[in-house]
Amino acid sequence: PEAIGAVFPQTQVQLCIVHMVRNSLRYVSWKDKKAVVADLKKIYQSVTEQEAALELEKFAERWDSQYPSISRSWREHWPNIIPFFEYPKEIRKVIYTTNAIESLNSVIRKAVDSHKIFPHDNAALKVIFLATEQAAKKWTMPVRDWKAALNQFMIMFPDRLKV
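What you are looking at is a predicted structure, and each value in this text was computed from that prediction instead of being measured. (Residues numbered from 1 in each chain as written. Predicted model: local features only at pLDDT ≥ 70, side-chain atom pairs only at ≥ 80, totals over all residues. Heavy atoms only, no water.)

Asks: Any chance you could explain the overall build of the protein here in plain terms?
Replies: On a plain count of helices and strands, the protein comes out with nine helices and zero strands. Mapped from its N terminus to its C terminus, the protein presents α and β elements in the order α-α-α-α-α-α-α-α-α. For 163 residues, the compact-globule estimate of 2.2 N^0.38 gives 15 Å, and the protein exceeds it by more than 25% at 19 Å. Overall, the protein is about 55 × 40 × 35 Å in size when its C-alpha atoms are taken along their principal axes. Considering the protein as a whole, with its 163 residues, one finds that 31% of them fall into the buried category. The long-range share in the protein, meaning contacts at least 24 apart out of those at least 6 apart in sequence, stands at 64%. Carbon and sulfur atoms make up 59% of the accessible area of the protein, which amounts to about 11500 Å² in all. (Helix = DSSP H or I, 4+ residues; strand = E, 2+ residues; numbered from the N terminus. Rg over C-alpha atoms; globule rule 2.2 N^0.38 Å. Buried < 20%, exposed > 50% of the residue type's maximum accessible area, 1.4 Å probe, protein only. Contact = heavy atoms within 4.5 Å. Areas by Shrake-Rupley, 256 points an atom, 1.4 Å probe, with all protein chains shown as cover.)

Right, here's the structure in full:
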């Protein structure tokens, strides 16, 4: 988050909710998983940050005796989770997971790693551009509910998105 903020000061860092849940379930017994997931869902599906914080407290009361690392992790990452609650549901559906971003980062990392050394910065930029172009050819599925989210982004960030 600090590195992103240094380069892009207007950026709001939002952690992937899917990965937070997956990380939370890493050490949960299979017999408790459904109940833990249901209680985590109450946190990230809350309407407001205050409601989410209250649900996190309820979660901790119920599960900290068995799985204290879950609520600790959510509290440690809370500053990068709470931007999620500032957005309407149309945007939340789109930013709920960062899998698409991580997939693109993986493509770029593979392209850069295969070259190891670049004679200058433009050479690296060209490799990244070409890797992105190749990856884009495989993107056949549209982002679900993107039009509704885009409309909300335009309302929230009119100075960043032009019609």
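Next comes the rest of the account.
Asks: Whenever I open this one, the pattern of salt bridges confuses me. Can you help?
Replies: Pairs can form between side chains of opposite charge whenever their charged atoms are close. On inspection of all chains with the given rule, the structure shows six salt bridges. Of the charged contacts, one joins Lys31 and Asp32 as a salt bridge, the two residues approaching to 4.0 Å between their closest N and O atoms. Among the residues examined, Lys31 registers a relative accessible area of 59% and is labelled exposed. The class of Asp32 is buried, set by a relative accessible area of 11%. (Salt bridge = Lys/Arg side-chain N within 4 Å of Asp/Glu carboxyl O.)

Asks: How should the packing of helix 7 (residues 99-115) against helix 8 (residues 121-136) be read in this particular structure?
Replies: Packed helices, taken two at a time, are described by the angle their axes make and the gap between the axes. Closest axis-to-axis distance for the helix 7/helix 8 pair is 9 Å, and the angle between their directions is 135 degrees. Relative to helix 8, the element helix 7 lies oblique. Judged by the twist between their axes, the crossing of helix 7 over helix 8 is right-handed. Along its contact with helix 7, which presents Leu104, Val107, Ile108, Ala111, Val112 and His115, the element helix 8 presents Val127, Ile128, Ala131, Thr132 and Ala135. Here the residues of the contact of helix 7 with helix 8 sort into nine nonpolar, two polar and no charged. (Axes fitted to C-alpha atoms, helices over the stretch in contact; angles between N-to-C directions. Parallel < 35°, antiparallel > 145°, perpendicular 65-115°, else oblique. Left-handed = near helix turned anticlockwise from the far one by under 90°. Nonpolar A, V, L, I, M, F, W, Y, C, P; charged D, E, K, R; others polar.)

Asks: Help me out: how do you make sense of the packing of aromatic side chains in this one?
Replies: Each aromatic ring pair is described using two quantities: the centre-to-centre distance and the angle formed by the ring planes. In this structure the tally under the stated criterion is seven aromatic pairs. Taking the centre distance of 6.0 Å and the plane angle of 35 degrees together, the rings of Trp63 and Tyr67 count as tilted. By relative accessible area, which is 10% here, Tyr67 ends up buried. Ring geometry for Tyr87 against Phe157: centres 6.5 Å apart, planes inclined by 50 degrees, an arrangement best described as tilted. Residue Tyr87 is found in the loop between helix 5 (68-77) and helix 6 (89-95), and its partner Phe157 is found in the segment after helix 9 (146-156); the two are separated by 70 residues along the sequence. Each member of the aromatic cluster is reached from another via a ring pair, and the members are Tyr87, Trp146, Phe153 and Phe157. (Phe/Tyr/Trp six-rings, centres within 6.5 Å; stacked < 30°, edge-to-face > 60°.)

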